[in-house]
Amino acid sequence: MTTATTSTASATAPRTSGMTRVTTAGLWANRSRFTLTGLAVLLSVAFLTAMLILTTTISGTASDDIREANAGIDLVVTGAELGESADSGGPRGADILSSVVPLGTEASLTAVDGVDDAVGIVTGYARALDTDGIPVDTGVITYTGQNWVDGELGTHTLVDGTAPTGADQVVLEARTADELDLAVGDPVEILTSTGTLDVEVTGIADYASSGSDPDAAIVFFDDAVAADVLAATGLERIVVDGTADAATVAAAVGTDPLGNPLTVTTGADYTQGLIDDVESRTSFQTTFLLFFAGVALVAGTTIIYNTFVIAVAQRTRELALLRTIGASKRQVLGSVMIEAAVIGVLASAVGAAFGVVTVFGLISLFEAIGLSFLAGSPVITSSSLIAGFAVGLVATLASAYAPARKAASIAPIAALRDSVNDASAASIVRNGIAVALLLCGIGLGIWGVVAGSWIPATAGIGSAFVGIIVGGPGVTSIFSRSVDGAIGRFRDADSTIVGRLARMNASRNPKRSASTAFALTLGVALISFFTVMAASLGASTSSDVGDALASDLVVESLSTGPIGEATIPGDLDTTIAGIDGVTSISSLRVTTALADGAGLVVGSVDTDAVTTTYDLGVTDGSLAGLADGQIAVSQTYLDTLETPLAVGDTIELTFPTAGIVDAEIGAIVANDLPGLAPSFIFDTTTLDGIVGPGLDDTIYVTTNGSEATFAAIEDAVSAAGGATLFTAEAYADSLGSFIDTFTNFVYAMLAVAVVIAVVGIANTTVMAVNERVREIGMLRAVGMTSAQIRSMIRNEAAMLSVQGSLVGLAFGIAAAYVAFSALGGDEGIIISVPVVTMAWIALAGAVSGVLAAAWPAWKASRLPPLEAMS
Amino acid sequence: MTAIAPTSITAPGGRQPANADLAARLVNASKIYGSGDSEVRALDDVTVGFRSGQFTAIMGPSGSGKSTLMQNAAGLDQLTSGSAYIGDTDLSTLSDRDLTLMRRAHIGFIFQSFNLIPTLSAEENITLPLALDKRRPNPETFDRVIDVLGIRERLDHRPNELSGGQQQRVAVARALVAEPSIVFGDEPTGNLDSRTGAEILEFMQRAVQEIGQTIVMVTHDPGAAAYADRVVFVNDGQIVDEMLEPTRDRVFDRMKAFGR
Ligand SMILES: Nc1ncnc2c1ncn2[C@@H]1O[C@H](COP(=O)(O)OP(=O)(O)O)[C@@H](O)[C@H]1O
Ligand SMILES: [Mg+2]
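Reading guide: rules and limits
Residues numbered from 1 in each chain as written. Chains lettered and ligands numbered in written order. Predicted model: local features only at pLDDT ≥ 70, side-chain atom pairs only at ≥ 80, totals over all residues. Heavy atoms only, no water. Buried < 20%, exposed > 50% of the residue type's maximum accessible area, 1.4 Å probe, protein only. Helix = DSSP H or I, 4+ residues; strand = E, 2+ residues; numbered from the N terminus. Arc of directions from axis to C-beta. Contact = heavy atoms within 4.5 Å. Buried area = accessible area lost by both parts, 1.4 Å probe. Salt bridge = Lys/Arg side-chain N within 4 Å of Asp/Glu carboxyl O. Polar contact = N/O pair within 3.5 Å; in protein donor to acceptor, adjacent residues only side chain to side chain. Nonpolar A, V, L, I, M, F, W, Y, C, P; charged D, E, K, R; others polar. Patch = residues over 30% accessible without salt bridge, like charges linked within 9 Å, V, L, I, M, F, W, Y side chains within 5 Å. Areas by Shrake-Rupley, 256 points an atom, 1.4 Å probe, with all protein chains shown as cover. pLDDT = per-residue confidence, 0-100. Core = buried A, V, L, I, M, F, W, Y, C linked by side-chain atoms within 4.5 Å. Phe/Tyr/Trp six-rings, centres within 6.5 Å; stacked < 30°, edge-to-face > 60°. Lys NZ or Arg CZ within 6 Å of the ring centre and 35° of its normal. Pairing = 2+ DSSP bridges. Axes fitted to C-alpha atoms, helices over the stretch in contact; angles between N-to-C directions. Near = heavy atom within 4 Å.

Asks: Looking at this model, I keep getting lost on helix α4 (residues 62-69) of chain A. Mind explaining?
Replies: Count 3.6 residues to each turn of an α-helix, and residues three or four apart come out pointing the same way. Within the span of α4(A), buried status applies to A:A62, A:S63, A:D65, A:I66 and A:A69. When α4(A) is viewed along its axis, its buried side chains cluster within an angular range of 160° and face the same direction.

So, in structure tokens, the structure goes:
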């Protein structure tokens, strides 16, 4: 078509400008396919740029802020390190559990030479409530209260108002004040572990220059009352200003309540520790985000590669003609690479700019699906934009390079041949390698499942994945042949000529079809994998809890999840207990402790009531002794021990604030309480005696079932704030709700890859239509209607998308099965494949191809039959 | 579709009467490409008819408008003015869909090249127009055409497994098996060597003589035109002459008169 004209034109033009003209004319003549390729690049780059901006936002400025806020601190005294915390449940989500510094220790430092100032920091639970009594949510890890520290040793500086004095004044961080719309002088209610306080905001403070502590939302109390208000039994740390060395200070401060020497670190090390904590926490998030950016990029890159492979194949004669008239190999290579560069530069530049818009879209999307790990506005730096642009350009050039090399190696003689369709793809060697990789993958996968070992499992998944890539063209041929065979058997062959043409077309160039389908395979495989993962986690949690839950109502703290905090006001349980028709009530409190140096969550229940509210599944001993200070331990914990413990044995628990407690095992239980896996359960009076009173995490309520009782409880819960009322089933389901949030997030992230895959299918289809203009004209001439042409093209694209999604689905499910069997076998994860969801995913994948083909199909159906003759 | 009366003139074995209805015709047909300075009048007020059961050749120098004439008569393109009829149906009154159905059911095509769908076997190519209509070929017609063309052995082959001559035979078979009212060919032997070309032309001639098929063929080869019953000469978009019972030499001489 147009290509022939271009090359003839260049024959008469001077060489260099001739090659440039060939390139530009080629780009223009093929603008529709390059628009789609550009769109694929653009989408990948926009998404990547958005992810880079998000990662910068999450982790970028925190370290600078931490350094700035802690700049005035020379030495820090903290408790002794006790061990690793369970699920980052330590203070501020830290990985290490430490003991506390005894109250008043800072006084021993005032006389020490070289110490100019030493201030003890007390912390405890404190969270501002809105006017409805609902705890404020600013998207941070923890909500704490702390004593206000002025001057160099303080992390915050007042931007408005004054420091708090007395028990009824607080200073809030700007973020909290903004969220609650509070100003200096306003009243505010604060939830603490001992109850709610009505106080006045006397000041607004900023952390470093950004305004807020990266991890915690802090409420500041007067130094004189903080320890009381926060029910603190020790200091979290002492910050020291001065030139004294660590050893001198260590000698002066003595030991923690457990008798361990206190830890003294330099301000610089302490600051670095805070930064490391933030980074280790955010690196998971950033890795996750960049993973999805990578997936989108791989999908985009496949499409660029595919486009150039097809473009070069279609232009074989033109390029050969150029070689015949004297263009060097390098000039041919250059002309293809210039095309790639033009697309790469344009699409990446627009993509990077579009990334900024994407960030705002994503943030609102995250909010809509209930994800709040991003507080504040995105930090848009030029380096994110430049990196997005550069990666896009490099990816475009890199994926065009192999096709360009192929173009350069076209022999001049090819100009004289009819262009040959490359149907060679499904070579025996290639298929053999693919089958070998798949079998190897399956074998390793089975080994991983049987042995419960993740190394063979991941190797198997990897091997099978490479097998799918290598075997793609073979799969295409087999797939279209078997679909054709199956349809031929069930339907009158003559009636399906349109479908048959489509199926034949899809397998016409198996390599091309396979690499087009690959982007979709990748997206669908990941979606299936995460869907199975989420369903399995959900099924495991809800079914266990659903079975064990005996109460008909559950009152739950507002923000639970991986790092939940108890928020139920202290007197709500007594209020509910007093309601007519409530037959039994048991509240759960939790705290952290260590056994054998490993952090764990310890809970307390009302022993006499728990039997009617939650079936702990006692397998040995009895709960009766809990009232006398015994502990119930779950079997899953005992299973992990080398020297087995039994009922009557003693288990040594270390509480960071309260020290060591030897608890006698009174019962062994089979069912873990939600959030306590494995469970360590005391009676409420015992745990209160050890760590002091706390807020309820969960209240289990059994009633006589009357509606009036339910209504009264509902009223009490909403009046108290800080809690949500669930029916038993709703509660079991809600335990999986953070999994739903997570799944929605993953779907949103992977949708980008799927959209790119769809653009790829559209692109391949457009190129196929361009390639077959005469053939389509011929079909029109002999009587194929426009509608039949459209249907043919749509069917052809559907063959690609069905293949892509089925392979992706099968691989995703298999990979998830292998991965979770290998990894989660001992944790009792039930592998659950949600069949209906899976069917929807397959259907959506298949339909996406039809949508992708809508435009090319329309274009094809408008081709005049005359094309066949020209 | 049903509005178009199927003029079943392909009754096997018998020739149609000499003055039967016209299978196709153009009336005051003009076709103008482009506009302004670049305007090309490819057909200039042409009126011509093609009698059923007759083999007509359209001759003329390159660029004279032969292909344009055929394409418009066959409903592959729209005239700028005037009318094209297949049987009694004015093609300009048909929607794109009806026009397509008309071509499918009543018109056969043999092009110079790219006649066949590479992904389909020879047999599937032959039955394609019928398959598009969810019909099966009349077994008698199918067998006769296949045997006359000698391609029975090749029915399972893909086009790329066939020689150029075999491909054109398959194309001829496709044009005939659907038993159309009229078959149009645009230089159907243009890409073949003279011996293979001659074979194809003989088949076309036999189809006209034995089953009364109507054929209109564009050619610039006097030798090819000699197989026809009648030759229509086109020059500068107009019909300039006509010749019945042509021979190669007479056509050649007439062509020389165009001075090209
Ligand atoms: N699609 C078109 N656009 C513009 N001009 C055309 C087109 N098709 C044919 N022509 C012009 O119309 C005239 C007749 O063309 P054509 O019917 O193909 O001639 P022939 O088949 O006799 O060689 C020629 O001058 C040709 O250049
Ligand atoms: Mg012509």
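Asks: Help me out: how do you make sense of the interface of chain A and chain B in this one?
Replies: Reports of interface size often rely on the accessible area that becomes lost once the parts have come together. Between chain A and chain B, the residue contacts involve 26 residues of the former and 31 residues of the latter. Where chain A abuts chain B, roughly 2500 Å² becomes buried across the two surfaces, and 63% of that area is made up of carbon and sulfur atoms. Linking chain A to chain B there are 2 salt bridges. The interface formed by chain A and chain B contains 9 residue pairs in polar contact (both at pLDDT 80 or more). For the side of chain A that touches chain B, the secondary-structure elements that each account for two or more residues are α14 (497-506), α23 (773-781) and α24 (786-824) of chain A. Partitioning the side of chain A that touches chain B into residue classes produces 13 nonpolar, 6 polar and 7 charged.

Asks: Got a minute to help me understand a nonpolar patch on the surface in this structure?
Replies: All names here are of chain A. A grouping of V435, L439, I442, I446 and V450 is seen on the molecular surface, where their side chains present a nonpolar patch of about 510 Å² in accessible area. In this structure, L439 sits in helix α12 (residues 428-451). In this structure L439 comes out as exposed when scored by relative accessible area, which is 56%.

Asks: Looking at this model, I keep getting lost on the side chain of B:N125. Mind explaining?
Replies: Residue position: B:N125 is located in helix α3 (residues 122-126). Contact partners of B:N125, with chain neighbours within four places excluded, come to B:L116, B:I117, B:L120, B:P159, B:V170 and B:R174.

Asks: I'm lost on the confidence of the model for chain B in this one. Help?
Replies: Note: predicted coordinates in regions of low pLDDT should not be interpreted at a detailed level. Confidence in the prediction of chain B, expressed as mean pLDDT, is 86, and 92% of residues score 70 or more. This complex was scored by the predictor with a pTM of 0.76 and an ipTM of 0.86.

Asks: Would you take a moment to explain the nonpolar core for this structure?
Replies: Burial of nonpolar side chains together is a common tendency in soluble globular proteins. Residues and elements named next belong to chain A. Counting 55 residues, the largest nonpolar core has F292, F745 and M749 as its most contacted members. Listing elements by their share of this core, those giving two or more residues are α3 (31-60), α8 (267-314), α10 (329-368), α15 (510-548), α22 (737-771), α24 and α25 (835-852). Among the elements that make up this core, the one with the highest residue count is α22 (14 residues). Residue contacts for F292: discarding those within four places in its chain leaves F47, F530, F745, V746, M749 and L750.

Asks: Would you take a moment to explain the packing of aromatic side chains for this structure?
Replies: Between two aromatic rings, the relevant description is the distance of the centres plus the angle of the planes. For the structure shown, the criterion picks out 15 aromatic pairs over all chains. Considering the side-chain rings of A:F529 and A:F820, the 5.7 Å spacing of their centres and the 35° angle between planes classify their relative orientation as tilted. With A:F529 in helix α15 and A:F820 in helix α24, this residue pair connects regions lying 291 residues apart in the sequence. Overall, the relative accessible area of 12% leaves A:F820 in the buried class. Ring centres 4.7 Å apart and planes at 70° place the aromatic pair A:Y637 and A:F680 in the edge-to-face group. Taken as a pair, A:Y637 in helix α18 (residues 635-639) and A:F680 in strand β21 (residues 680-683) lie far apart in primary sequence, 43 residues in all. Exposure remark for A:Y637: the relative accessible area of 11% places this residue in the buried category. Take A:F680: its relative accessible area is 0%, and that puts it in the buried class. In textbook terms, an aromatic cluster arises when at least three aromatic residues are bridged by ring pairs, as seen for A:F288, A:F291, A:F292, A:F529, A:F530, A:F745 and A:F820. Against the face of B:Y85 rests B:R25, its NZ or CZ located 4.1 Å from the ring centre. One Lys or Arg, B:R254, reaches over the ring of B:F233 and ends 5.5 Å from the middle of that ring.

Asks: I would appreciate a short explanation of the sheet that holds strand β1 (residues 22-33) of chain B in the present structure.
Replies: Sheet strands pair via backbone hydrogen bonds, and the direction of the pair is either parallel or antiparallel. Residue and element names in this part refer to chain B. The strand order across the open sheet built from 4 strands is β2-β1-β4-β5, with neighbouring strands paired in antiparallel fashion. This sheet does not close on itself; its edge strands, each paired only once, are β2 (40-51) and β5 (89-90). Across 8 bridges, β1 lies against β2 in antiparallel orientation. By the bridge assignment for β2, L22 is matched with R51. Contacts from helix α1 (residues 66-73) reach β1, β2 and β4 (81-86), with the element oriented near 55° to β2.

Asks: It is not clear to me how the site of ligand 1 should be interpreted in this structure. Could you clarify?
Replies: Residue and element names in this part refer to chain B. In the neighbourhood of ligand 1, the contacting residues comprise Y33, V40, A42, P61, S62, G63, S64, G65, K66, S67 and T68. Within the backbone of G63, one N or O atom sits 2.7 Å away from an oxygen atom of ligand 1. Contact between ligand 1 and T68: an oxygen atom at 2.4 Å from a side-chain N or O atom of the residue. When isolated, ligand 1 has an accessible area of 560 Å², and the protein chains bury 58% of it. For the shell around ligand 1, the leading source of residues is α1, giving 3 residues.

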